[in-house]
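In case you want the letters, here they are:
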Amino acid sequence: MNVLAYYTDRMEPLTNENGTTEQALVLRRGKTMSPQTIADGRVMLVDLGTQFVGGDILSRQNGEQYFIVSKQQSSDCVQIQGKRVNAHVNISALTDKYVNHKKVGTEETVIVTDCPTYYQDVSAVMHTYDAGLLPKTVKRIVIHNSIKVKLLDRVSFGERNYQVDNIDTAKYVGLYELQLSEDTRQ
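Before going into details, it helps to say that this report is about the structure given with it. (Residues numbered from 1 in each chain as written. Predicted model: local features only at pLDDT ≥ 70, side-chain atom pairs only at ≥ 80, totals over all residues. Heavy atoms only, no water.)

## A closer look at the pattern of salt bridges
- Taken as a whole, this structure holds 12 salt bridges when the rule is applied.
- Asp183 serves as the salt-bridge partner of Arg154, at 2.8 Å between the closest nitrogen and oxygen. Of the two residues, Arg154 is situated in strand S10 (residues 154-157) and Asp183 in the segment after strand S12 (175-182); the sequence distance between them amounts to 29 residues. Asp183 shares its class with Arg154; the two are buried. (Salt bridge = Lys/Arg side-chain N within 4 Å of Asp/Glu carboxyl O. Helix = DSSP H or I, 4+ residues; strand = E, 2+ residues; numbered from the N terminus. Buried < 20%, exposed > 50% of the residue type's maximum accessible area, 1.4 Å probe, protein only.)

Rendered as structure tokens:
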């Protein structure tokens, strides 16, 4: 008997951005008491025939959304790790603007607006223990890999601008993790 059959009363519908809906058992991630993990991490158990793939954004009925950051299949169900969509950002490309072969400023071209993301502020402690962080990184964000982002693009959170300094294309299936520093360009 399938493990999910024991919890049919706790199953809830999850829907991805393509409109596919499946029943899932949504659990908190582990037994940690970390507020960040309690708020941002979920384990979702779905049937073996799931159509959900890495990088999908799953929506719960309460309005919360989660990126699928990993999937693991067992003998009777699929375990999905999810990170909560906790912000929406705008991403732009900056190009130099020239008049008569003389640089007169920069031009901003919008790549995407209202892009769902999972973001995390980077602290001094994180720099101490994570050798992969660049020295000027102040935020890490996760976005879908369909976004045509490149190094030195601008990411805007409300009134603040950040510069893309690193794009990790391998950490998650279907997602990019970006390292951002303060953007001081005009």
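## Let's talk about the sheet that holds strand S8 (residues 102-121)
- The sheet built from 6 strands closes into a barrel, its strands ordered S7-S8-S9-S12-S11-S10 with antiparallel pairing. Along the sheet, successive strands turn relative to each other by an average axial angle of 45 degrees, direction set aside.
- With 4 bridges connecting them, S10 and strand S11 (residues 160-168) associate as antiparallel partners. From the neighbouring strand, Arg154 faces S11, where its bridge partner is Gln163. (Pairing = 2+ DSSP bridges. Axes fitted to C-alpha atoms, helices over the stretch in contact; angles between N-to-C directions.)

## Quick look at the packing of aromatic side chains
- A complete count under the given rule lists 2 aromatic pairs for this structure.
- Plain terms: the ring middles of Phe157 and Tyr162 are 5.6 Å apart, the flat faces sit at 90 degrees to each other, and that makes the pair edge-to-face. For the pair formed by Phe157 and Tyr162, the shared burial category is buried.
- Taken together, the ring pairs connect Tyr119, Phe157 and Tyr162 into an aromatic cluster.
- One residue, Lys139, lies across the ring of Phe157, its end atom 5.4 Å from the ring centre. (Phe/Tyr/Trp six-rings, centres within 6.5 Å; stacked < 30°, edge-to-face > 60°. Lys NZ or Arg CZ within 6 Å of the ring centre and 35° of its normal.)

Everything listed here is a matter of coordinates, which is why it stays silent on function.
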